[in-house]
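# Notes for the structure review
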Amino acid sequence: MIAIRRATVDDAQEIAAVHITAWQETYPGIVPDEFLKNLSMERRTERWTASLSDPADLYHRAIVAEMDGQVVGFSNYGPPQEKDSGFDGELYAIYILKSVQGCGIGRMLMTEAAKGLLELGLNSMLVWVLRENVHERGFYERMGGAYVHEKSIVIGGKELVEVAYGWRDLSRWRVG
Ligand SMILES: CC(C)(COP(=O)(O)OP(=O)(O)OC[C@H]1O[C@@H](n2cnc3c(N)ncnc32)[C@H](O)[C@@H]1OP(=O)(O)O)[C@@H](O)C(=O)NCCC(=O)NCCS
């Protein structure tokens, strides 16, 4: 039984746990092992607590997916992190535990984020994904995202490339 709902500050710890586990499941061979090993539950929980408790924080709008009362995935969204992105909204992140991927949760979390952006009056959406994360790119393409551009980013001392996918008109977002 999957429940999708708006996250509150009480979810900070469970979101942090999914965030870290999903990084460790998704990025081996892409992000340096040392960086993945040192992800701190305490620091990540502090960051989520700060974001979710502050309506002025860019990252405070989050959606969680629960299975049997436990958070198994989340997404968060809001205005773009970079002003000149050419899009008026952004999906900052979407992570789902490997054990429950492929059950439709990704689509539900993206749909809620798209609806949330529309409610804010933001009509388009951008998302950044590591170029080497081929699985995630396939998902965004399946969801109708179009390649926009690329930029370089450094994670754990390693230079990587991020690709942006965009949806120009969220009013055309299809739920099914
Ligand atoms: C990518 C991810 C969000 C997808 O979520 P999911 O719950 O597994 O996806 P869903 O089951 O909702 O799939 C929705 C649709 O996309 C399709 N799809 C999913 N992954 C796909 C892929 N890699 N390539 C092509 N299509 C894909 C599904 O077949 C499904 O299509 P359908 O609705 O027409 O049947 C999830 O697997 C994940 O969290 N991955 C790791 C985290 C990550 O890389 N995050 C990026 C940081 S921004």
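Report on the accompanying structure.

Parameters and conventions
Residues numbered from 1 in each chain as written. Predicted model: local features only at pLDDT ≥ 70, side-chain atom pairs only at ≥ 80, totals over all residues. Heavy atoms only, no water. Helix = DSSP H or I, 4+ residues; strand = E, 2+ residues; numbered from the N terminus. Buried < 20%, exposed > 50% of the residue type's maximum accessible area, 1.4 Å probe, protein only. Contact = heavy atoms within 4.5 Å. Near = heavy atom within 4 Å. Polar contact = N/O pair within 3.5 Å; in protein donor to acceptor, adjacent residues only side chain to side chain. Nonpolar A, V, L, I, M, F, W, Y, C, P; charged D, E, K, R; others polar. Expected span 1.5 Å × (residues − 1). Core = buried A, V, L, I, M, F, W, Y, C linked by side-chain atoms within 4.5 Å. Pairing = 2+ DSSP bridges. Axes fitted to C-alpha atoms, helices over the stretch in contact; angles between N-to-C directions.

### Some thoughts on the environment of Ile-96
Within the secondary structure layout, Ile-96 lies in strand β4 (residues 90–96). For Ile-96, a relative accessible area of 13% translates into the label buried. Measuring from C-alpha to C-alpha, the distance between Ile-96 and Thr-8 comes to 18 Å, with 88 residues separating the pair along the chain. Excluding anything up to four places from it in sequence, Ile-96 contacts Ala-22, Val-72, Gly-73, Gln-101, Ile-105, Gly-106 and Leu-109.

### Some remarks on the site of the ligand
Looking at the ligand, there are 21 residues lining it, with Gly-102, Gly-104, His-135, Glu-136 and Arg-142 nearest. Between an oxygen atom of the ligand and a side-chain N or O atom of Gln-101, the distance comes to 3.2 Å. Separating an oxygen atom of the ligand from a side-chain N or O atom of Arg-142 is a distance of 2.5 Å. The set of elements that each furnish at least two residues to the shell around the ligand consists of β4, α4 (105–119) and α5 (134–142). The element that contributes the greatest number of residues to the shell around the ligand is α5, accounting for six residues. Residues of the shell around the ligand, tallied by class, amount to ten nonpolar, eight polar and three charged.

### Remarks on α4
In this model, α4 (15 residues) spans 21 Å end to end at C-alpha, consistent with the 21 Å of a helix rising 1.5 Å per residue. The positive-phi residue at the C-terminal boundary of α4 is Gly-121, with phi of around 80 degrees.

### Re the nonpolar core
If you look at the biggest cluster of nonpolar residues, it comprises 50 residues, and the most contacted ones within it are Val-31, Met-110, Tyr-140 and Trp-167. Breaking this core down by element, the ones donating at least two residues are α1 (12–26), α3 (41–52), β2 (62–67), β3 (70–78), β4, α4, β5 (125–130) and β7 (158–167). Looking at this core element by element, the count peaks at seven residues for α1. The contacts of Tyr-140, once residues within four sequence positions are left out, are Leu-91, Ile-94, Met-110, Val-127, Val-129, Gly-145, Tyr-165 and Trp-167.

### Concerning the sheet that holds strand β1 (residues 2–6)
Taken in spatial order, the seven strands of this open sheet run β1-β2-β3-β4-β5-β7-β6, and their pairing is mixed. Both edges of this open sheet fall to β1 and β6 (146–155), since each of them pairs with a single strand only. Across the sheet, the mean angle from the axis of one strand to that of its neighbour is 25 degrees, orientation sign disregarded. Pairing between β5 and β7: six bridges, direction antiparallel. Paired with Val-127 across the bridge in β7 is Tyr-165. Where α5 meets the sheet, it contacts β4, β5 and β7, and its direction lies at approximately 160 degrees from that of β5.

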